[in-house]
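Below, each chain spelled out in residue letters.
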Amino acid sequence: MSIAENLAAVDEQILRYAERAGRARDSVNLIAVAKTKPQDAVIEALQAGQMIFGENRVQESQGKYPDLRADWPDLELHLIGPLQTNKTKDALALFDVIHTVDRPKLVRSIAKEAQTVGRCPKLLVQVNTGEEDQKAGVLPSEVEALVQLMRDENLPLAGLMCIPPVEDAPAGHFAFLKRLADDLGLPFASMGMSGDYQTAVELGATHVRVGSAIFGVRPPLSH
Ligand SMILES: *Cc1c(COP(=O)(O)O)cnc(C)c1O
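Residues numbered from 1 in each chain as written. Predicted model: local features only at pLDDT ≥ 70, side-chain atom pairs only at ≥ 80, totals over all residues. Heavy atoms only, no water.

**Details of the environment of Pro-82**
Right, so step 1: Along the chain, Pro-82 falls in the loop between β3 (76–79) and α4 (88–94).
Right, so step 2: Classification of Pro-82 as exposed rests on a relative accessible area of 54%.
Right, so step 3: In this structure, the C-alpha to C-alpha distance between Pro-82 and His-99, residues 17 residues apart in sequence, is 8.7 Å.
Right, so step 4: Among all residues touching Pro-82, those that are not within four sequence positions of it are Asn-56 and Thr-100. (Helix = DSSP H or I, 4+ residues; strand = E, 2+ residues; numbered from the N terminus. Buried < 20%, exposed > 50% of the residue type's maximum accessible area, 1.4 Å probe, protein only. Contact = heavy atoms within 4.5 Å.)

Below is the structure:
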């Protein structure tokens, strides 16, 4: 299957599960996750009408996207991988949305660099809903404090994001994240990947992050 055919199939699934939940199709944003894939794959998706892309790494994105924006001004780029503070400035210049804000130090770095760069992407707080030791994200008990810090800094906070533990059924995590976002008055819930985006759509995801179902499998050890 081509990238265009894969996109159409994913889109059809989103429509079906949105309808099941009584949601409008356009309340769900499909982020095509192109990490590790060449720029040609991104161009193929753009030609099929896909405008929203996700990447894990700042440096990889710098090589792939800047020259595409001239031809596709509606292109929207989302950072969905961890952000180190030494890359904050580059990330603010390149991305439209950052899904992985997860610590006070990063919030302060973003607030400072946003002044210098003169722009700030929309921001999501990554929540470690499974409370896993090795996983990025703030613990659920710490979300409110981080949200408050971002509001104090006048940052454009838009929502929450999660990656459920691989061994868990995702539905409980998605329902939890959606409820938490609603409670905090945040419009975006970024949840669901190739294996579980239908469930996420049913449970209220506003952004699903789909990679391999669109671009094919990635080599192991990349992420
Ligand atoms: C890689 C990645 C995805 C996409 O994963 P697929 O299983 O290929 O759809 C989504 N979200 C994050 C945070 C990722 O790192």
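**A look at the side chain of Ser-109**
Right, so step 1: Within the secondary structure, Ser-109 sits in helix α5 (residues 104–117).
Right, so step 2: Given a relative accessible area of 14%, Ser-109 falls into the buried group.
Right, so step 3: Here the side chain of Ser-109 touches Thr-88 through a polar contact of 2.8 Å, side chain to side chain.
Right, so step 4: The contacts of Ser-109, once residues within four sequence positions are left out, are Thr-85 and Thr-88. (Polar contact = N/O pair within 3.5 Å; in protein donor to acceptor, adjacent residues only side chain to side chain.)

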